[in-house]
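Spelled out, the chains give:
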Amino acid sequence: MELSKIIQLLDMYCLPHLAEKWDNVGLLVEPSPPHHVNKVLLTNDLTEQVIDEAIAEKTGLIISYHPPIFSPLKRITQQHWKQRIVVRCLENRIAVFSPHTGLDAKVGGINDWLLEPLAVKSKANLSRSSAVSQTLAQLTVVMGENFTEFVLSTGVNVCTTNIQSDVSVTSAVVTCPESELKRTMDVMEELKIPLVSLNTIQKTDGEGCGRLVTLQFPVHLRAVIAAYKKFLNLEHLTVALGRDKTLEGLYANVPEFELTTLLLHDTVNYTYLKMDEMQVPDCAL
């Protein structure tokens, strides 16, 4: 697939317009067109070791969760590893895309995914990226050979966490503004995209960074740790307790964790989940 079409799809799903102002997301490295991509490599952080693997695998696109280019580059030389990464990507015609806080902020994105181990009673965004209330049409459709063309033609938002497969078909949930429903249905008919179900939902909260959460019932911090080790399939988890906090303490909502920080890690990647109402990073609960 051509890089331009892949970036269209990624922009529709990762919503770079929701990213924090300080962030650097989207297409960061672009080889001269045309650029046909046969392989995509996913990584949390783009390092020189990852570049080695991408080149060996003849990868045409790297999707790096964290942006490898963050601060402005005044020169591209061999003196710094981040500059060397850009050089090697261009030399080997490898594009680089980073979703980061745009994917964090969207409904159903990283922030919401990180809440799955918890029994959530209610949640709210720490800040809103877009607070426009609107009615959305939610369609469950069968994914076929024309599905990509359907998404590109209509601009619907694909909820990839809701893709389901059975023996015969694979279905996906997509949403569009109610005002665009007729046009979306017309395109579906033209491309022969089967409709499984149609619902209307009211979207009142805009996407935004972070989540403030109230739990259904109080939980011990030790139980939270065990839940996240299982959820993320990690053997080790380091905990930095806040003042006067213990592993046996009961917590009814996320702000009560105060300065307790969970450091979820394996041998390579680190994800911080800071339970702190006043200082919450982009992937916080």
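The rules behind these values
Residues numbered from 1 in each chain as written. Predicted model: local features only at pLDDT ≥ 70, side-chain atom pairs only at ≥ 80, totals over all residues. Heavy atoms only, no water. Pairing = 2+ DSSP bridges. Helix = DSSP H or I, 4+ residues; strand = E, 2+ residues; numbered from the N terminus. Axes fitted to C-alpha atoms, helices over the stretch in contact; angles between N-to-C directions. UniProt positions renumbered as here; feature names shortened; annotations may be inferred. Buried < 20%, exposed > 50% of the residue type's maximum accessible area, 1.4 Å probe, protein only. Polar contact = N/O pair within 3.5 Å; in protein donor to acceptor, adjacent residues only side chain to side chain. Arc of directions from axis to C-beta. Phe/Tyr/Trp six-rings, centres within 6.5 Å; stacked < 30°, edge-to-face > 60°.

- Under an unreviewed UniProt entry, the name given to the protein is NIF3-like protein 1, and the source organism is Trichobilharzia regenti.

### What about the sheet that holds strand 1 (residues 26-29)?
Alright, step 1. Across the sheet, four strands lie side by side as 1-4-3-2; this open sheet has mixed pairing. Looking at which strands have only one partner, the edges of the open sheet turn out to be strand 1 and strand 2 (40-43). Pairwise comparison of adjacent strand axes, ignoring direction, gives a mean angle of 25 degrees for this sheet.
Alright, step 2. Inspection of the sheet shows strand 1 paired to strand 4 (residues 95-98) by three bridges, in the antiparallel sense. What sits directly across from glycine 26, in strand 4, is serine 98.

### Points about the UniProt feature "binding site: a divalent metal cation" (unreviewed entry) in the protein
Alright, step 1. UniProt's feature table lists "binding site: a divalent metal cation" (unreviewed entry) at His66 and Asp104, given in the numbering used throughout. Across 39 residues in sequence, these annotated residues keep their C-alpha atoms within 11.3 Å of one another, forming a single compact spot.
Alright, step 2. Assignment of secondary structure puts histidine 66 in the loop between strand 3 (61-64) and helix 3 (81-91).
Alright, step 3. On the basis of relative accessible area, histidine 66 is assigned to the partly exposed category, the value being 25%.
Alright, step 4. Separated by 2.9 Å, the side chains of histidine 66 and aspartate 45 make a polar contact.
Alright, step 5. On the secondary structure map, aspartate 104 appears in helix 4 (residues 100-105).
Alright, step 6. Side chain to side chain, aspartate 104 and tyrosine 65 meet in a polar contact 2.6 Å long.

### Remarks on helix 7 (residues 181-191)
Alright, step 1. Residues of helix 7 that are buried: Leu181, Thr184, Val187, Met188 and Leu191. The buried residues of helix 7 occupy an angular sector of 125 degrees when the element is viewed end-on, so they sit on one face. Looking at helix 7, the residues exposed on the side facing more than 90 degrees away from the buried face are Lys182, Glu189 and Glu190.
Alright, step 2. Looking one or two residues beyond helix 7, the residue adopting positive phi is lysine 192, at roughly 60 degrees.

### Describing the packing of aromatic side chains
Alright, step 1. Under the counting rule described, the total for this entry stands at four aromatic pairs.
Alright, step 2. Judged by centre distance (6.2 Å) and plane angle (45 degrees), the rings of tryptophan 22 and phenylalanine 70 are tilted. With a gap of 48 residues between them, tryptophan 22 in the loop between helix 1 (3-14) and strand 1 and phenylalanine 70 in the loop between strand 3 and helix 3 connect regions that are remote in the sequence.
Alright, step 3. Its relative accessible area of 47% is what places tryptophan 22 among the partly exposed residues.

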